[in-house]
Amino acid sequence: MLGTWFVVIVAVIGGSFFYDRYKTSEFDDRALPYIKEVIPEISLWNPTTTKALMASEVTATISEENFAQAMNLFSKLGQLQSTDEPRLIDVHTGKQGDIGEQTIIEYEIDAEYTSGDATINLKLLFRDGLFEIYNFNFSSEALLK
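Here is what the cut-offs are and how they apply
- Residues numbered from 1 in each chain as written.
- Predicted model: local features only at pLDDT ≥ 70, side-chain atom pairs only at ≥ 80, totals over all residues.
- Heavy atoms only, no water.
- Helix = DSSP H or I, 4+ residues; strand = E, 2+ residues; numbered from the N terminus.
- Buried < 20%, exposed > 50% of the residue type's maximum accessible area, 1.4 Å probe, protein only.
- Salt bridge = Lys/Arg side-chain N within 4 Å of Asp/Glu carboxyl O.
- Core = buried A, V, L, I, M, F, W, Y, C linked by side-chain atoms within 4.5 Å.
- Contact = heavy atoms within 4.5 Å.
- Phe/Tyr/Trp six-rings, centres within 6.5 Å; stacked < 30°, edge-to-face > 60°.
- Arc of directions from axis to C-beta.

Moving on, we get to unusual backbone geometry. At Trp45, a position not held by glycine, the phi torsion is positive, near 65 degrees. With respect to the secondary-structure elements, Trp45 resides in the loop between helix 1 (2-42) and helix 2 (47-52). Trp45 sits in the buried class, given a relative accessible area of 12%.

Pasting the structure below:
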C-alpha cells in the first residue's frame, strides 16, 4: 500500500513537471525574444514609446496623465543594466475584460537597474500569432525611496 502511494505521488509530481514544460514550450520560442526586445524599450521610461507596444484595447482605457505618472515613478529605477531569463508564471485563456476571448501569457523577469534590483511582471496578449503588451508592473525597493 505504501509503495502504491509513493508511485502515485511521484507520478503526480512528474506529470505536473512535464505539463508545465509542455505549457511553456508552446510560447517560449516566440515570447522570449519578444520580451528581450521590449524590456529595454519599456525601460527607456517614455510613455509614448511604451504605449505603442501595448494592445490598443488596453491603451484606450488608460489616461495619458496616469500612464505618464506611472512611467515617471518607474523611471526612479534608472537605466537597465541586465535581465535574467524570463520565467513563465501562467497562461490565461478566456474572456479578458473588454477584449473578448484571448490568451494572456504572464512572465516574471528579474532585472537590475542603476538604482537597484526589480522584478517585472509582464503580461502579453497573444493574438493572431503576435504578441502585444497587455499589462506590466515593476516591483522594487528602489521605488519606495
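That covers the picture; the talk isn't over yet.
This part is about the pattern of salt bridges. Where side chains of opposite charge bring their charged atoms close, a pairing between them can arise. Applying the stated criterion across every chain, the model contains six salt bridges. Between Asp110 and Arg87 there is a salt bridge, with its nearest N and O atoms 3.1 Å apart. With Asp110 in strand 3 (residues 101-113) and Arg87 in strand 2 (residues 87-95), this residue pair connects regions lying 23 residues apart in the sequence. Given a relative accessible area of 26%, Asp110 falls into the partly exposed group. Put simply, Glu57, Arg127 and Glu132 are held in one network by salt bridges that share partners.

Right, let's talk about the nonpolar core for a bit. If you look at the biggest cluster of nonpolar residues, it comprises 37 residues, and the most contacted ones within it are Tyr107, Tyr113, Leu122, Leu124, Ile133, Phe136 and Phe138. With eight residues, the top contributor of residues to this core is helix 1. If we skip the residues at most four places from it in the chain, Leu124 touches Ala31, Tyr34, Ile35, Thr103, Ile104, Ile105, Tyr107, Phe131, Glu132, Ile133 and Tyr134.

Here we take up the packing of aromatic side chains. Given two aromatic rings, one states the distance between the centres and the angle between the planes to describe the pair. As enumerated under the stated definition, the model contains nine aromatic pairs in all. Summarising the aromatic geometry, the rings of Phe74 and Phe138 are spaced 4.8 Å apart at their centres and angled 50 degrees between planes, so their arrangement reads as tilted. One end of the pair, Phe74, is in helix 4 (residues 64-74); the other, Phe138, is in strand 5 (residues 130-139), and 64 residues separate them in sequence. Residue class for Phe138 comes out buried when judged on its relative accessible area of 5%. Among the aromatic residues, those joined into a cluster by ring pairs are Trp45, Phe67, Phe74, Tyr113, Phe136 and Phe138.

Let us now look at the side chain of Ser43. The topology assignment puts Ser43 in the loop between helix 1 and helix 2. With relative accessibility at 6%, the residue Ser43 sits in the buried group.

Owing to its 3.6 residues per turn, the α-helix brings residues three or four apart onto one side. All of the buried residues in helix 4 are Phe67, Met71 and Phe74. Angularly, the buried residues of helix 4 cover 60 degrees about the axis, an arc narrow enough to put them on a single face. Facing away from the buried side of helix 4, by more than 90 degrees, are the exposed residues Glu65 and Asn72.

Turning to its location among the elements, Pro86 is positioned in the loop between strand 1 (80-83) and strand 2. When the C-alpha positions of Pro86 and Ile109 are compared, they lie 4.6 Å apart, and in sequence the two are 23 residues distant. Every residue in contact with Pro86, bar those within four places of it in the chain, is listed here: Leu32, Ile35, Lys36, Tyr107, Glu108 and Ile109.

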